[in-house]
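Take a look at the letters that make up each chain.
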Amino acid sequence: MAWVSRKMGQFTYFSQQVGESIWRGKKVLDFGGNIGNLLKDPNSNIAPEDYWSIDVDRDALDRGQAVYPKSHWVFYDRYCFFFNPHGIANLPLPDMAQRFDYVVAFSVFTNTSQTDMLQLVNQLKSVLAHDGVLAFTFIDPYEFSWGRDRQRNNFQWRLDLEVERGNVSSTEAKKLDARAQKASWFTLINGTDLHIETEDTGHYEPEAQKTYHVFHTEQYMQALFPQATILPPVNNEMQHCCLVRKS
């Protein structure tokens, strides 16, 4: 069964972050592109034949291809918590025989282990064309975005959502929030299990894999990617952008 993303506005977000609104004639790789909502953004001017979506959800890719048959839809059978729990760990990026002017990943590494993020960013950089740009998002837990009106930072906003969904109690959420204070990065699994600055999260059977939310501070991401430019959220999003240019 496909996990179909209903998220819109990705093109507007990334075009603002890279500082270029005209992508016509540019080769674009949408990493974690799902059904191709980057193309569906009303502001998008990407030619369908210049668009590649790579994703771990084969059914979502099939749905995208039905709408945009001239685009390129690449199944990537790599392990991913919840989204592809039966996939192959550490599977290299498929050879697409193409170099890309823009490689984008919206809300991919917010649901991916840090080791996978580092591996995949290196591989995605290798498929950039000369002067190409890699842009991917992350969430700083202590920034105020969607919860600003209630003075709730991004992690507290997530915890409020988990309380609303019945995954944790208000008391448990407060304890999780207190534990996360001043951490550089951490992972919240299934809305209840908080793992601070470690990937030693234990084993979860595929049927027990529900959600996997990773938070990194802006300062920590800059340390991980010293050559990158870190940009604040735009287009009413909560996610920062990490921008890597190939010269």
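This structure is a prediction, so every number in the text was calculated from the model and none was measured. (Residues numbered from 1 in each chain as written. Predicted model: local features only at pLDDT ≥ 70, side-chain atom pairs only at ≥ 80, totals over all residues. Heavy atoms only, no water.)

1. Observations concerning the overall build of the chain
Thinking step 1. If you tally the helices and strands in the chain, you get 7 helices and 10 strands.
Thinking step 2. For the chain, whose C-alpha radius of gyration is 18 Å, the value lies close to the compact-globule estimate of 18 Å for 247 residues.
Thinking step 3. Considered along the principal axes of its C-alpha atoms, the chain spans approximately 50 × 35 × 30 Å.
Thinking step 4. Expressed as a percentage of contacts within the chain between residues at least 6 apart in sequence, the contacts between residues at least 24 apart total 62%.
Thinking step 5. Counting every atom, the chain has about 11800 Å² of accessible surface; 48% of that belongs to carbon and sulfur.
Thinking step 6. The positive charge centre, built from 24 side chains, and the negative charge centre, built from 30, are 3 Å apart in the chain. (Helix = DSSP H or I, 4+ residues; strand = E, 2+ residues; numbered from the N terminus. Rg over C-alpha atoms; globule rule 2.2 N^0.38 Å. Contact = heavy atoms within 4.5 Å. Areas by Shrake-Rupley, 256 points an atom, 1.4 Å probe, with all protein chains shown as cover. Lys, Arg positive; Asp, Glu negative; His and termini not counted. Charge placed at Lys NZ, Arg CZ, Asp CG, Glu CD.)

2. A few points about the side chain of E162
Thinking step 1. Along the polypeptide, E162 turns up in helix α5 (residues 154–164).
Thinking step 2. Residue contacts for E162: discarding those within four places in its chain leaves N167, V168, L188, G191 and H213.

3. Observations regarding the sheet that holds strand β7 (residues 193–196)
Thinking step 1. Across the sheet, which stays open at both edges, the 3 strands sit in the order β7-β6-β8 with antiparallel pairing between neighbours. Each end of this open sheet is capped by a strand with a single partner; those strands are β7 and β8 (212–216). If you compare each strand with its neighbour and ignore which way they point, the axes differ by 15 degrees on average.
Thinking step 2. Set on the sheet, helix α6 (residues 170–180) makes contact with β6 (185–189) and β7; between it and β7 the angle comes to about 5 degrees. (Pairing = 2+ DSSP bridges. Axes fitted to C-alpha atoms, helices over the stretch in contact; angles between N-to-C directions.)

4. Observations concerning the pattern of salt bridges
Thinking step 1. A full pass over the atoms with the stated rule returns 6 salt bridges.
Thinking step 2. Across the pair R78 and D116 runs a salt bridge whose closest N-O atoms are separated by 2.9 Å. Linking R78 in the loop between β3 (72–75) and β4 (100–105) with D116 in helix α4 (residues 114–125), this pair joins segments that are 38 residues apart in sequence.
Thinking step 3. Of the residues examined, R78 reaches a relative accessible area of 2% and is grouped as buried.
Thinking step 4. Between D160 and R152 there is a salt bridge, and its shortest N-O distance comes to 2.9 Å.
Thinking step 5. Here R152 falls in the partly exposed class, since its relative accessible area comes to 26%. (Salt bridge = Lys/Arg side-chain N within 4 Å of Asp/Glu carboxyl O. Buried < 20%, exposed > 50% of the residue type's maximum accessible area, 1.4 Å probe, protein only.)

5. Description of the side chain of N154
Thinking step 1. With respect to the element layout, N154 can be found in helix α5.
Thinking step 2. In this structure N154 comes out as buried when scored by relative accessible area, which is 0%.
Thinking step 3. If we skip the residues at most four places from it in the chain, N154 touches I139, D140, P141, E143, F144, S145, W146, F215 and M238.

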